[in-house]
Amino acid sequence: MKKMMRQCLVFCGTAMVAMPAFAQMGGAPANEFSQQAISYLAAGLAIGIAAFGGALGQGKASATALDGIARNPNASGKIFTPMLLGLALIESLVLYAFVIALKLAGFF
């Protein structure tokens, strides 16, 4: 885990240092293009991270609920409804991230 975290930090640091190195000096069209490209990249990352986090959360919630139902089948009614509510709330967070990503990309 530490190795992966270190690699991620090195990648992010390199990307942050390299971005100004490749920046173009000049008129507004190049600057507008790079701003638009960065917003598209941010939108794509937002959707990807939100979908990944939502999938992990839904998987964990479903697995835990099914484990509880398997241990005590009589409690399935008390477990199933809050699980569905939790899954809906997790999915709503992913949809909010999708709307924000569309806003970043300039569709709204």
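A brief look at the structure comes next. Bear in mind the structure is a predicted one, so any value in this text is a computation, not a measurement.

1. Description of the overall build of the protein chain
Then, in step 1: Counting secondary structure elements, the protein chain contains three helices and zero strands.
Then, in step 2: In the protein chain, the order of α-helices and β-strands from amino to carboxyl end is α-α-α.
Then, in step 3: Per-residue burial over the protein chain gives 12% buried out of 108 residues.
Then, in step 4: Counted over contacts in the protein chain with a minimum sequence separation of 6, partners at least 24 positions apart contribute 66%.

2. Topic: a nonpolar patch on the surface
Then, in step 1: Residues Ile47, Phe98, Val99 and Phe108 make up a contiguous nonpolar surface patch of roughly 390 Å² in combined accessible area.
Then, in step 2: Assignment of secondary structure puts phenylalanine 98 in helix α3 (residues 76–105).

3. A look at the environment of phenylalanine 108
Then, in step 1: Structurally, phenylalanine 108 can be placed in the segment after α3.
Then, in step 2: In this view, phenylalanine 108 contacts Val99, Leu102 and Lys103; residues no more than four positions away in its chain are not counted.

4. Some points on α3
Then, in step 1: Over its 30 residues, α3 runs 43 Å from end to end, which matches the ideal 44 Å to within 8%, given 1.5 Å per residue.
Then, in step 2: Those residues of α3 not exposed but buried are Met83, Leu87, Val94, Ala97, Ala101 and Ala105.

5. Focus: the environment of alanine 97
Then, in step 1: The residue alanine 97 is located in helix α3 in this model.
Then, in step 2: Here alanine 97 is in contact with Ala46 and Ala50, once residues within four sequence places are set aside.

Rules and cut-offs
Residues numbered from 1 in each chain as written. Predicted model: local features only at pLDDT ≥ 70, side-chain atom pairs only at ≥ 80, totals over all residues. Heavy atoms only, no water. Helix = DSSP H or I, 4+ residues; strand = E, 2+ residues; numbered from the N terminus. Buried < 20%, exposed > 50% of the residue type's maximum accessible area, 1.4 Å probe, protein only. Contact = heavy atoms within 4.5 Å. Patch = residues over 30% accessible without salt bridge, like charges linked within 9 Å, V, L, I, M, F, W, Y side chains within 5 Å. Areas by Shrake-Rupley, 256 points an atom, 1.4 Å probe, with all protein chains shown as cover. Salt bridge = Lys/Arg side-chain N within 4 Å of Asp/Glu carboxyl O. Expected span 1.5 Å × (residues − 1).

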